[in-house]
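Residue strings, one per chain:
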Amino acid sequence: MTAESPAVWLAPDSLARPGDGILKRVTVEQQFVDDGVYLVERAGDVDRIAATWGWASSAAGQMGLVTTHVLPASGIDAEDLRAAAEQAVLLVMTAYDGDGIIFFRRRKP
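Everything numeric here is computed off the predicted structure, so don't read it as measured data.

Before going further, it helps to spend a moment on the pairing of strand 5 (residues 88-94). Look at any regular strand and the pattern is simple: side chains alternate between the two faces of the sheet. Pairing analysis gives 5 bridges linking strand 4 (residues 63-67) to strand 5, with the strands arranged antiparallel. Across the sheet, residue Leu65 finds its bridge partner in strand 5, namely Leu91. Where strand 5 lies against strand 6 (residues 101-105), 5 bridges are found, and the strand directions are antiparallel. Bridge pairing links Val92 to Phe103 in strand 6.

Okay, the side chain of His69 next. Mapped onto the elements of the fold, His69 is located in the loop between strand 4 and helix 2 (78-86). Looking at His69, the relative accessible area reads 15%, which means it is buried. Within the structure, the side chain of His69 is placed 2.9 Å from the side chain of Asp80, a separation counted as a polar contact. Every residue in contact with His69, bar those within four places of it in the chain, is listed here: Val8, Asp80, Ala83, Ala84 and Gln87.

A few words on unusual backbone geometry. You will see that Asp34, though not glycine, has its phi angle at about 55°, which is positive. Tracing the backbone shows Asp34 in the loop between strand 2 (29-33) and strand 3 (36-41).

Counting residues in hydrophobic clusters, the biggest one holds 13 residues, and the most contacted among them are Trp9, Leu23, Val26, Val37 and Leu39. Elements that contribute at least two residues to this core include exactly strand 1 (8-13) and strand 3. Setting aside chain neighbours within four positions, we find Leu39 in contact with Trp9, Leu10, Ala11, Val26, Val28, Glu29, Gln30, Thr52, Trp55 and Ala56. With 11 residues, the next largest nonpolar core counts Val33, Tyr38, Val40 and Ala88 among its residues.

Now for the confidence of the model for the chain. In this model, the chain carries an average pLDDT of 86, and 92% of its residues clear a pLDDT of 70 or more. Ranking the helices and strands of the chain by mean pLDDT puts helix 2 first, with 96, and strand 6 last, with 83.

This part is about helix 2. Taken together, the buried positions of helix 2 are Asp80, Leu81, Ala83 and Ala84. The buried residues of helix 2 occupy an angular sector of 165° when projected down its axis, which confines them to one face. Summarising the contacts, the buried residues of helix 2 are in contact with strand 1, strand 2, strand 3, strand 4 and strand 5. Between a side-chain oxygen at the N-terminus of helix 2 and the backbone nitrogen of Glu79 the separation is 3.1 Å; the capping residue is Asp77.

Within the structure shown, the criterion is met by 5 salt bridges. Here Arg17 makes a salt bridge to Asp35, at a shortest N to O gap of 3.8 Å. Remark: Asp35 occurs in the loop between strand 2 and strand 3 and Arg17 occurs in the loop between strand 1 and strand 2; sequence separation between them is 18 residues. The residue Arg48 makes a salt bridge to Glu41 at a minimum N-O spacing of 3.2 Å. Residue Arg48 is classed as partly exposed on the basis of its relative accessible area, which comes to 45%. Linked by salt bridges that have partners in common, Glu79, Arg82 and Glu86 make up one network.

Conventions we followed
- Residues numbered from 1 in each chain as written.
- Predicted model: local features only at pLDDT ≥ 70, side-chain atom pairs only at ≥ 80, totals over all residues.
- Heavy atoms only, no water.
- Pairing = 2+ DSSP bridges.
- Helix = DSSP H or I, 4+ residues; strand = E, 2+ residues; numbered from the N terminus.
- Buried < 20%, exposed > 50% of the residue type's maximum accessible area, 1.4 Å probe, protein only.
- Polar contact = N/O pair within 3.5 Å; in protein donor to acceptor, adjacent residues only side chain to side chain.
- Contact = heavy atoms within 4.5 Å.
- Core = buried A, V, L, I, M, F, W, Y, C linked by side-chain atoms within 4.5 Å.
- pLDDT = per-residue confidence, 0-100.
- Arc of directions from axis to C-beta.
- Salt bridge = Lys/Arg side-chain N within 4 Å of Asp/Glu carboxyl O.

Dropping the structure here:
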């Protein structure tokens, strides 16, 4: 998420569904694909990234990725999710019962 290499933070909310009342309180960008809810941070601001990660937390654990795929602000679809995964440069996960975080980083070519 730099000027030289723009990227987007994408974190699915594994328990939320479009139309859930709790989503009215979410203060970060939300995108919906079928019955999935995805939280997006485009600016690269540390506080906003942390807020996005926080909203994605659940009893099921968390997962998020940083991708260089350009996600349209007007709405994403399944093809965007596939492309985001293919162009992911960082994957972050937690387990439902752990305090640790695991990172996977794609090596630069």
